[in-house]
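What follows is each chain in one-letter form.
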Amino acid sequence: MLIGGKSVEAQSGKRIERGSPGHSGAIVGSWPQASADDVCLAIGAAREAFDVGPWPRLSGAERSAILYRIAELIEARVEDLAIAECLEVGKPIAQARGEIGYCADMWRYAAGQARALEGQAHNAIGDDRLGLVLREAVGVVGIITPWNFPFIIASERVPWSIGVGCTVVLKPSELTSGTSVMMAEIARDAGLPDGVFNVVTGYGDPAGQTLAEDPGTDMVAFTGSVRVGTRIGEIAARQVKRVGLELGGKGPQVVFADADLDAAADGIAYGVYHNAGQCCISGSRLIVHEDIRDELLARVIDISRKVTFGDPLNETTKIGAMISRAHLDKVDGYVKSGRDAGAEVMIGGNAEAADGLYYAPTVFTGVRPDMAIAREEIFGPVLSTIGFRTADEAVALANDSEYGLSASVWSRDLENAMQTIRRVRAGRCWVNSVIDGTPELPIGGYKKSGVGRELGRYGFDEYSQFKGIHVTFGAPPRWFTG
Ligand code: NAD
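Each chain has its residues counted from 1, following the order in which its sequence is written. Confidence filtering applies because this is a predicted model: local features only for residues at pLDDT of at least 70, side-chain atom pairs given and counted only at 80 or more, and all residues used for totals across whole chains, interfaces and linings. Processing note: side-chain calculations cover all non-hydrogen atoms of the structure and skip hydrogens and water entirely.

A. Spotlight on the site of the ligand. Being near a molecule or strand, for a residue, comes down to having at least one heavy atom within 4 Å of it. Taken together, the neighbourhood of the ligand is formed by 27 residues, with Thr-145, Glu-174, Ser-225, Leu-247 and Glu-377 sitting nearest. Two N or O atoms count as a polar contact when they lie within 3.5 Å, although within protein this holds only if one can serve as hydrogen donor and the other as acceptor, and sequence-adjacent residues are included solely when both atoms are side-chain atoms. Residue Gly-224 places a main-chain N or O atom 3.3 Å away from an oxygen atom belonging to the ligand. Between the ligand and Leu-247, the relevant distance is 2.7 Å, taken from a nitrogen atom to a main-chain nitrogen or oxygen of the residue. Its free accessible area being 850 Å², the ligand has 89% of it covered by the protein chains. Cavities and pockets are found on a 1 Å grid laid over the protein atoms alone: a cavity is a set of points where a 1.4 Å probe fits but cannot escape, a pocket is an open set with protein on both sides within 12 Å along at least five of seven lines, and a lining residue has an atom within 4 Å of such a point. Should more than half of a molecule's atoms lie within 2 Å of a pocket's or cavity's grid points, that molecule is taken to sit in it. One can see that the ligand is located within the largest pocket. Here a helix means four or more residues in a row that DSSP labels H or I, a strand means two or more in a row labelled E, and each is numbered from the N terminus. Counting residues per element, the ones that place at least two in the shell around the ligand are α7 (204-213), β10 (219-223) and α8 (226-239). Accessible surface area values rest on a Shrake-Rupley calculation with a 1.4 Å probe, where residue burial reflects the displayed protein chains alone.

This is the structure in structure tokens:
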């Protein structure tokens, strides 16, 4: 772990080991198992770095220079980081490399913005008054991340929060902590002052829970399941603490009859199989016009048959391993429930025997909107297909979900595509693409998918306090005239 700039063990000496899900569980990671006391030490280091350290008081230009150096060092270590992420998560090495490169770009974007973070001045509130709005850092932020995109999700939050002047304690998933520790080491090597970015490794309870509960954190930014996110929200509410929640999704992919079917089929397959479907923004619900349903499905099934899946270290692998046996069984349970409910498996629907935890690309058709496979987040390579006839019906189906994280619309008629996506209640949307991303655009959820926004200029507001200052010139009118 990294606390106050030092690499430390847990006080108990206990460790957590990680077996590669793609390689019969060969041990590929070992990290300290933090107790609540260890986490309190990290919060103390972050508190000191915020309350007395130089970081929040540095100029934006000085903070920016360090964030740029971190981006450079991430790029210099792409291969190490990608291999660690590939082995711990089970994701394909080529994908992991691309993700780390994208993360360097996020750090670079945040570095650029870090010296352009402004407040406001109100010069039209009267001749004797001037209003100022100062942007300040929220304070110490506890960041809790899941296992599916450890480096990306940390890179969507850490540079934005420290870019404003906050200090951070990051708790990655106990399954995939390696690259988060490496990120903090890189930041230290880049000259980030001690205590600004601490990483504790350990289980959700007690390590994550302490970050939420301890009065030493001013904010908790949680990414993960609705179940745990709800609990974090309750803790934050009791303490009136700032909270950000990025939770689950059940992304619709609406395909109109005039769509480019080749591009759409490729996008549907990518949208649901990327990261073995373990992606909060997966396009896991295919909502397709009845006139093209069979033709589109035939193309998606053809891709599903040919796509390379298996060993994540293989350079050509597109779909790697599932994160754990328990999770693979959960995905398989959903597939069984879909079959039992009367939906038809067109391809896949089974685990694949190999030296890892692999699940075959799976396509369901004949899915009714009330089935569990249409409503719940499966978090696996499983596509649920529902047909529609009119645009109103497509929008109603897309919005028929307790989630609202992401959505895609496929149509050659840009007006139709735009009018449709405007009516879909989701925070991250695509027209004629899927799972696209850039640091400039905000991400975040509607409905049960979460609270708050990351990335873009909005991501800095998430970690900012805004202070209004009323300045009076001359002698103000007297309140007491007696
Ligand atoms: P999870 O909720 O089980 O765990 C997420 C993190 O919370 C982990 O670090 C875990 O250790 C920690 N945690 C567990 N119990 C805790 C507690 N009591 N107090 C504090 N922290 C606790 O989720 P997961 O299984 O790691 O990830 C899968 C889920 O994450 C899916 O639902 C997925 O949709 C969601 N997700 C959302 C986004 C997004 O940006 N919206 C991104 C990735 C994943």
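Now that the structure has been shown, the text picks up again.
B. Spatial organisation of the pairing of strand β17 (residues 362-365). Covered by surrounding structure in β17 are Thr-362 and Phe-364 together with Val-363 and Thr-365, the residues of both alternating faces. A pair of strands counts as paired when DSSP detects no fewer than two bridges linking them. Bridge count between strand β14 (residues 344-347) and β17: three bridges; the pairing is antiparallel. Looking across to β17, one finds that Val-345 is bridged to Phe-364. To sort residues, take the accessible area from a 1.4 Å probe on protein chains only and compare it with the maximum for the residue type: under 20% means buried, over 50% means exposed, and anything in between is partly exposed.

C. Representation of the layout of surface pockets within the structure. The space that makes up the largest pocket amounts to roughly 910 Å³. Surrounding the largest pocket, 37 residues form its lining, Phe-222, Gly-224, Ser-225, Arg-227 and Val-228 being those nearest its centre. When residues of the lining of the largest pocket are traced back to their parent elements, those giving at least two are α7, β10, α8 and α11 (325-340). At six residues, α8 tops the list of elements feeding residues into the lining of the largest pocket. Three classes are used, and their members are as follows: Ala, Val, Leu, Ile, Met, Phe, Trp, Tyr, Cys and Pro are nonpolar, Asp, Glu, Lys and Arg are charged, and the others, Gly among them, are polar. Looking at the lining of the largest pocket residue by residue, the classes come out as 15 nonpolar, eleven polar and eleven charged. Of the domains in this structure, domain 1 (2-247 + 449-469) and domain 2 (252-431) are the two that each give at least three residues to the lining of the largest pocket. Taken as a whole, the second largest pocket encloses approximately 410 Å³ of empty space. Along the walls of the second largest pocket sit 23 residues, with Ile-152, Glu-156, Ile-281, Arg-428 and Ile-435 positioned nearest its centre. Listing elements by their share of the lining of the second largest pocket, those giving two or more residues are α4 (93-114) and α5 (150-164). For the lining of the second largest pocket, a count of residues per class yields eleven nonpolar, six polar and six charged. Both domain 1 (2-247 + 449-469) and domain 2 (252-431) contribute no fewer than three residues apiece to the lining of the second largest pocket. Grid points are joined across faces, edges and corners, and a volume is the space filled by probe spheres set on the points. Here the limits of each domain have been adopted from an automatic or database domain assignment.

All we've got here are geometric facts, nothing functional implied.
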